[in-house]
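Fold and geometry: a report
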Amino acid sequence: MLAYTIYLSFAGALVQALLPKSKSGAARWLALLFAVAGLALAVAGFAAGAGQGRIVIVDAPWVPSMGIHYLLAADGISRVLVLLTGLAAVAGVLFSWNVELRTNEFFAFYLALIGGVYGVFLSFDLFLLFVFYEIAIVPKYFLIAIWGSTRCEYGAMKLALYSFVGSAMVLIGLLAAYSTSGSHSTSLIDLAHAGLSPHFQMWCFPLVFTGFAILAGMWPFHTWAPTGHVAAPTAASMLLAGVVMKLGAYGCLRVGIWLFPRGLDPWGFSFVGIGSWRDVFALLAIIGIVYGALVALAQSDFKFVIGYSSVSHMGFVLLGLMTLNQIGMTGAVLQMFSHGIIAGLLFAIVGRIVYDRTHTRQLAELETMHLARRLPFAAWAFVIAGMASMGLPGFSGFVAELQVLVGAWMAKPWWTIAAGVGIVVGVAYTWRALQKAFFSDVLPTAHTLEQEHEPSHELAAISWPEITGVVMLVGVSLFVGLYPRILLDTIEPAVKALLAGGGQ
Amino acid sequence: MNYLDLFRATLPETALEIAALLVLVVDLGLLRKAVLSTRVAVAALLGVAGCGGALWALQVQGNAGLSYGGLTLLAAGGYIAVAQSGILVLTALTLLLLIDAVFTRNAGEYVAVVLMAAAGGLIIAAAQDLLVIFVGLELLSLGLYILTAFAKSSGKSAEAAMKYYLFGGMSAAFLLFGFSYLYGITGSTNLHQILLAVYGWNAYHAAPLLYVAIVLIAAGLGFKVAAVPFHLWAPDTYEGAPAPAAAFIASVSKVASFALLISIATAASHVFDGGQLTAHVTTMRPPAGTPRLPVYLGFSIPWTLILTTLSVASMLLGNLAALAQTSVRRLLAYSAIAHAGYILLALAFFTHSPLSTNAILYYILTYGLTTIGAFGVVSVVERAVGSDRLDAFLGLHKRNPLLSAALLVLFLSLAGIPPLVGFWAKFNLFAAVLSVGAGPVPFALVALAVAMSAVSLYYYLQVLKRAYVMPAVDTTPIKAHPVTLTVLLAIAATVVVLGCFPALLQGWIANF
């Protein structure tokens, strides 16, 4: 059933591409229809898979001479991330309701991207996974370059090249693993059992992990993320932060850690406390958490604040993966889901609700606009989203980050202490953005009045798609925050199986 | 050998030559008064029919080649049949792109020359003897010089042909000189005899002379496949030649030259030694008891070392120089150099099992198909806008959405984005390299190749960016001839289908 999420999205992309250019209304409704159908399938698949391990959906020989199979399967981690993709896809369509330029092409690229993302999360064949992973790159480029805003061509090209370099690293690792294993199968399950030599794993792991982590925004390879997010149109930023960065983190987990577990073993010597690739990547994750938060604190562009906060939050995912214990990795997967929802919400508020009305994202200019009075809905939505982003109890982010921190404590206590600094700074930058953008009482100066052609022009009313989208995302974050078991029950067995080395 | 054998072995070539003569008779005899468009259409269709006839002849001919005195002159069947079928199909496609050409009034001569050059390509692909190889190469090359110069009113075309001819003549001289040394050392012109003799004592004592011969031959063949540093003709020729001729040079001539390189590499890896078939020439592991040739930089014979050097230089220079191009044809030329570099890597690490051969054929055939499509799109745009600068593609998605979609598919395939066929070609090729050569050297080379193909995405996106992203200066629709458009869309569709079902073509190649 879950496989149809992929086919449906690609079919949707094809339909949109063939649609006459003038029918922008039809394009929107069709896109919503395809996204909702995908979400419905994802929910149904999630419900049907409850309490089960890995379910094989399709297994057909694809390139028999090389042992490549068209193997789609879903375990708990896949099902949760497919659900996230479904939610993000629907929210993205709702928040792009006002796209007027080449509407059908926009949704064609959009649905192609979604289809690729679904495909990555459901692939259990290394090459199939890679194919879907690369399919997702090209639509991203066009979405940002055509419909983006600030320096969009630069941001799009940077993102495309970073992604492609990352996937080139992954491809080298895959070719090496394929030719070394000698099992003539590229199924992840077979490769995990192929008994690759520890020596090989030791150098292949960092290659593949870094390749995927580039897309997860790991410091110091994160620089595509803020520029890409800022340049992207709202729906694309939501997808980038919401699901595309998760592709990277998912690859790190599913390919990096699962196939090359011995790559995380100690080197046998240590240098200033760093004695394995695990320490290296945990350190980079922590630097990402703290650095992202500090840089977010200093931004003057509202969207850059959210962009850097994504780098910081993705740091938690990578840190959780490096704990290599049940609770930390469960937290990492939950954090992927949680950040996908919350970052999507934040980008929607900044990009769609605020920027499309005020045409500025500079906090200094927003200060003079008194948005709390003029856009109360946006202000309160941002308050809630900000609380969720800070990791307040009651929201999904709290459960996820708590688990990651507990897992990190069990691994090495200083990881938790260092990452905790990031949380404190996280409160500060969210607070600062909230205060400056919405609740400031600075009066407009003569200078800014001059710049504004119409000082007190009416801001367009909040439309129904925006309300629906915000309510949906807030509702999901709150629901998962209050009742995390609904996801944890699915994630935990899958993580346990993965830690045990690939068994059922 | 009798004339019947000769006739049977050269049946496809004969079919092409008959078609060429027929085209000339029809065009110069029957259609003298007809309008140009009719003459072009008739000539192109006759040419396509000739290719079809040759394809049929290829089936009839079967696996029997031509031998003389127990030595093979022309081989047939197996990978040779694959390469020859590829040459014929690609030739037919370039002829179909001719349909609305305006660069010449001598349509009949053009098609006849194309068919004769294609016959040369067939001979090269099958040849197992130095003299036959040279005859085939000259037949192909002379045709290509003429085709390059065919736009008589264009100065660029004449300049390109002159450069191509001078470089070509020089490289043919190098090649012949190398061949003469080989003959002198080994006393045979048969590839297999030569490579057996290379491991004998005589050749061992003449090692320096042998290396000179190998270097000279590598220079001659490096010119044909446009490998750095013998690539200088490529950008000018691709830019100046009429578009269908450029497409022919970029596809058919490449397929034929790489088929020849496969023949040489196959012969080199089939060294009969002590009753056992071993493959020690290119696998760097000479079995005990054979006279050991000196080892340079980890390579047991200079052939591998030279091919690797050419490959690395081509990958680096091709990709990096393409970044700076503003003319799309020159961009395609440098990208062709880069693609030749990838393939040379698989030739440097070659195994006599069909693995390497199949991977190389898969790559070169799909690359030829894609590049014909790319030249087709460029020529349509060029005719409408009057230039092949990057900016000529501005707003193409508005001016002709179908053409633009074909461009998107073809260029992404050249960049190696899945699920298009270019990705599988690269993957196949690199997997073959890694499965032949163990150890850090081939691995580092594959890593370099993958990294360079990441670089290549940038320049392909430069063209696509103009077609899809940047605002159009001029939004008048670009009209393409229905036949041209159909051919281009069919090529794009094939690229997608073969990419989604890579086993189709792989199975076809492997089953020959």
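Residues numbered from 1 in each chain as written. Chains lettered and ligands numbered in written order. Predicted model: local features only at pLDDT ≥ 70, side-chain atom pairs only at ≥ 80, totals over all residues. Heavy atoms only, no water.

All names here are of chain A. With 6 of 7 residues buried, strand E2 (residues 68-74) lies mostly within the body of the structure. By the bridge criterion, 7 bridges tie strand E1 (residues 55-63) to E2 in an arrangement that is antiparallel. Looking at the pairing, Pro 61 lines up with His 69 of E2. Where E1 hands over to E2, the hairpin turn is made up of 4 residues, of which Gly 67 adopts a positive phi near 70 degrees. (Buried < 20%, exposed > 50% of the residue type's maximum accessible area, 1.4 Å probe, protein only. Helix = DSSP H or I, 4+ residues; strand = E, 2+ residues; numbered from the N terminus. Pairing = 2+ DSSP bridges.)

Now for the environment of Thr 484 of chain B. All names here are of chain B. Of note, Thr 484 is situated in helix H20 (residues 482-500). Classification of Thr 484 as buried rests on a relative accessible area of 2%. When the C-alpha positions of Thr 484 and Gly 373 are compared, they lie 9.8 Å apart, and in sequence the two are 111 residues distant. Leaving out residues up to four positions away in the same chain, Thr 484 has contacts with Leu 97, Ile 99, Asp 100 and Val 380. (Contact = heavy atoms within 4.5 Å.)

Residue-level contacts link 36 residues of chain B with 32 residues of chain A. Carbon and sulfur atoms supply 83% of the area buried between chain B and chain A, which totals about 2900 Å² over both sides. At the boundary of chain B with chain A, the tally comes to 1 salt bridge. Between Glu 153 of chain A and Lys 465 of chain B there is a salt bridge, with the nearest N and O atoms lying 3.5 Å from each other. The interface formed by chain B and chain A holds 5 residue pairs in polar contact (both at pLDDT 80 or more) in total. The set of elements that each furnish at least two residues to the side of chain B that touches chain A consists of helix H17 (401-415), helix H18 (421-436), helix H19 (440-468), H20 and helix H21 (503-510) of chain B. Taken together, the residues of the side of chain B that touches chain A sort by class into 28 nonpolar, 7 polar and 1 charged. (Buried area = accessible area lost by both parts, 1.4 Å probe. Salt bridge = Lys/Arg side-chain N within 4 Å of Asp/Glu carboxyl O. Polar contact = N/O pair within 3.5 Å; in protein donor to acceptor, adjacent residues only side chain to side chain. Nonpolar A, V, L, I, M, F, W, Y, C, P; charged D, E, K, R; others polar.)

Right, let's get into the nonpolar core. Counting residues in each nonpolar core, the largest one holds 402 residues, and the members touching the most others are Phe 142, Phe 209, Leu 319, Phe 337 and Phe 438 of chain A together with Leu 347 of chain B. Filtering out sequence-adjacent residues up to four positions away, Phe 209 of chain A remains in contact with Met 218, Cys 252, Ile 257, Phe 281, Leu 318 and Met 322 of chain A. (Core = buried A, V, L, I, M, F, W, Y, C linked by side-chain atoms within 4.5 Å.)

This next bit is on the pattern of salt bridges. Applying the stated criterion to the full structure yields 23 salt bridges over all chains. Linking Asp 489 of chain A and Arg 485 of chain A is a salt bridge whose minimum nitrogen-to-oxygen distance equals 3.0 Å. Residue Asp 489 of chain A and its partner Arg 485 of chain A are both found in helix H22 (residues 485-499); the two are separated by 4 residues, about one turn of the helix. Relative accessible area serves as the criterion here: at 36%, Arg 485 of chain A is assigned to the partly exposed category. One salt bridge in this structure joins Asp 236 of chain B and Arg 330 of chain B, with 3.2 Å as the shortest N-O distance.

With that out of the way, let us pick up the confidence of the model for chain B. All names here are of chain B. The predicted model of chain B averages 85 in pLDDT, with 91% of residues at 70 or higher. Segment residues 271-287 is flagged for pLDDT under 50; beyond a separation of four residues in sequence, or across chains, it makes 39 contacts in the model. Low pLDDT (under 50) marks residues 293-300, which in the prediction has 23 contacts with non-local residues, meaning those over four places away or in another chain. Per the prediction output, this complex has pTM 0.90; the corresponding ipTM is 0.88. (pLDDT = per-residue confidence, 0-100.)

The subject of this paragraph is helix H7 (residues 152-181) of chain A. All names here are of chain A. For H7, with 30 residues, the first-to-last C-alpha span of 42 Å sits near the 44 Å given by 1.5 Å per residue. Of all the 30 residues making up H7, 22 are buried; the element is thus mostly covered by neighbouring parts of the structure. With its phi angle positive at about 70 degrees, Gly 182 sits one or two positions after the end of H7. (Expected span 1.5 Å × (residues − 1).)

A word on H19 of chain B. The terminal C-alpha atoms of H19 of chain B, which comprises 29 residues, lie 41 Å apart, in line with the 42 Å expected from a rise of 1.5 Å per residue. Buried residues dominate H19 of chain B, accounting for 22 of its 29 residues.

Glancing now at empty space enclosed by the protein. Evaluation of the coordinates by the stated rule reveals 14 cavities of 30 Å³ or more. Put simply, the second largest cavity is a space of about 100 Å³. The wall of the second largest cavity is formed by 13 residues, among which Glu 134, Phe 164 and Leu 171 of chain A together with Gly 416 and Ser 453 of chain B lie closest to the centre. The element that contributes the greatest number of residues to the lining of the second largest cavity is H7 of chain A, accounting for 4 residues. (1 Å grid on protein atoms, 1.4 Å probe; cavity = no way out; pocket = protein on both sides within 12 Å on 5 of 7 lines; lining within 4 Å. Points joined across faces, edges and corners; volume = space filled by probe spheres on them.)

Bringing unusual backbone geometry into the picture now. Here Trp 219 of chain A and Pro 220 of chain A are connected by a cis peptide whose omega angle stands at 0 degrees. Inspection of the secondary structure puts Pro 220 of chain A in the loop between helix H9 (198-215) and helix H10 (224-231). Geometrically, the link from Val 228 of chain B to Pro 229 of chain B is a cis peptide bond, its omega value of 5 degrees lying close to zero. With respect to the helices and strands, the residue Pro 229 of chain B is situated in the loop between helix H10 (207-224) and helix H11 (233-240). The phi torsion at Arg 102 of chain A lies on the positive side, around 45 degrees, for a residue other than glycine. On the secondary structure map, Arg 102 of chain A appears in the loop between helix H3 (76-94) and helix H4 (103-122). The backbone of Leu 324 of chain A shows a phi angle near 55 degrees, a positive value even though the residue is not glycine. Looking at the secondary structure, you find Leu 324 of chain A in the loop between helix H13 (302-323) and helix H14 (326-358).

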